[in-house]
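This is what each chain is made of:
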Amino acid sequence: MKTPNLSAEQSRLVVEHSPSLIWRSDAHGSVDFVNDALLEFTGRPLARELCGDGLWSTLDGGVDDQDRTLLQQHLERREAFDLVVRMRRYDGLYRYVSMHVAPFTNDDGSFGGFVATCVDIDERRRADEQKTAFLEMLAHELRTPLTPMHGYIQHLERRISRGEPVFIEMVQKLARQLDRVEALVEHLSDAARINAGKEIGIAMGEVDLTEVVRELVSRHGHTNEITRRTELVLEAPDGERIVNADATRIRQLFRHIITNAIKFSPRGGTIKVQVESSPFEHVISVRDMGIGIPDSDLEDVTRAYYRAKNASPENYPGIGLGLAIAREIAEAHGGSLRVQSALGQGTEVTVRLPAARAEA
Ligand code: ATP
Ligand code: MG
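Each value, and the rule that gives it
Residues numbered from 1 in each chain as written. Chains lettered and ligands numbered in written order. Predicted model: local features only at pLDDT ≥ 70, side-chain atom pairs only at ≥ 80, totals over all residues. Heavy atoms only, no water. Axes fitted to C-alpha atoms, helices over the stretch in contact; angles between N-to-C directions. Helix = DSSP H or I, 4+ residues; strand = E, 2+ residues; numbered from the N terminus. Left-handed = near helix turned anticlockwise from the far one by under 90°. Contact = heavy atoms within 4.5 Å. Phe/Tyr/Trp six-rings, centres within 6.5 Å; stacked < 30°, edge-to-face > 60°. Lys NZ or Arg CZ within 6 Å of the ring centre and 35° of its normal. Near = heavy atom within 4 Å. Polar contact = N/O pair within 3.5 Å; in protein donor to acceptor, adjacent residues only side chain to side chain. Areas by Shrake-Rupley, 256 points an atom, 1.4 Å probe, with all protein chains shown as cover. Nonpolar A, V, L, I, M, F, W, Y, C, P; charged D, E, K, R; others polar.

Running from N to C, helix H7 (residues 247–263) and helix H9 (residues 322–332) cross one another at 145 degrees; their axes reach a closest spacing of 9 Å. In this structure, the crossing between H7 and H9 has a hand that is left-handed. Residues Arg249, Ile250, Gln252, Leu253, His256, Ile257 and Asn260 of H7 pack against Gly322, Leu323, Ile325, Ala326, Ile329 and Ala330 of H9.

Laid out in structure tokens, this is it:
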């Protein structure tokens, strides 16, 4: 069934009130009509500012500077096309805008020009980009420990098949890489949980805080002696420090902080892990002499997926979740996490956990 056409009056109303950005141009691509949504988007009070070449001057300035040329090339073909461009908004920010452009003919059948509807797709586009970056990073990080694991296994196979003795160090190395894979998978499942907006699950039990921290320091200190010569030092009074907590989560909390301290200390130096206790709380701090965090990023680093400007993905791989998870764990235990830092000098992360309450 053919639906009847809209009247000229109805079409005008649709265009006027459409949330889409609409423009029309003559046969040469010179704009001669824009709707209110487009005026509002660009922050221009007068339509004539966008007419002629005006609208095209809000393009470009993006990362590639090619949008305007690309659009011109499309228009020259005098065919319908879809194009994503970056357009300057009223606030000066460039937004990804999806354009659907259609040619029209005049009453006498000659080529008249183009009408176009455009939609701001910036948020969707950025979310997609973030997802892609996340998956790429994850694949990269999972591959990193797998490569040496293959090497160790081949080496072990060769020795065993030749009847040669197998060294315990080799098996330990393999176990350490396996730990890394396990930690990554745990990280991935936390990422899925955070994306789904679910809260962290905590299973309370008795945990010896000193033991957890000591074990992490010895494990990570050891790997690191070989690779980067960063020294991990633990300062903790002797004796147990029992807290009411989820053992796996507490281990995870400090692992995220300690692996950050190692990762962001490319020039080595000492990482000091300190444990102090009062009758009310335990204060655990991890201090490094690494790259530090710019002041402007400091407030945000415990937000999910946030990474500071100086944490370039090539030199410091990561997805920006470790600290967010660490803070979540500390808070789920009634504690807190705080980050202090001086750019180029080092960072200190302090975790406070309430001491196990005495039975009344
Ligand atoms: P992930 O932990 O998910 O693998 P990540 O280490 O980049 O990735 P977080 O641990 O959440 O992410 O840390 C967030 C950001 O905070 C880091 O990207 C980095 O910019 C900054 N940061 C965290 N710890 C340190 C540190 N010890 N020194 C310098 N910068 C740090
Ligand atoms: Mg991290």
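Moving on: the packing of aromatic side chains. Summed over the entire model, instances satisfying the criterion amount to three aromatic pairs. Their ring planes at 75 degrees and their centres at 5.4 Å tell us that Phe111 and Phe114 sit as a pair that is edge-to-face. Across from the ring centre of Tyr96, 5.1 Å away, lies the NZ or CZ of Arg86, which sits over that ring. In this structure, Arg125 is placed above the aromatic ring of Tyr96, and the distance from its NZ or CZ to the ring centre is 4.1 Å.

This brings us to the site of ligand 1. In the vicinity of ligand 1 lie 20 residues, with His187, Asn260, Arg307, Leu321 and Leu323 positioned nearest. Within the backbone of Ile319, one N or O atom sits 3.0 Å away from an oxygen atom of ligand 1. Taking Thr347, its side chain carries an N or O atom lying 3.2 Å from a nitrogen atom of ligand 1. Surface burial for ligand 1 is 96%, taken as the share of its 600 Å² of free accessible area covered by protein chains. Those elements that place two or more of their residues in the shell around ligand 1 are H7 and H9. For the shell around ligand 1, the element with the most residues is H7, which contributes three residues. Class assignment for the residues of the shell around ligand 1 results in 10 nonpolar, seven polar and three charged.

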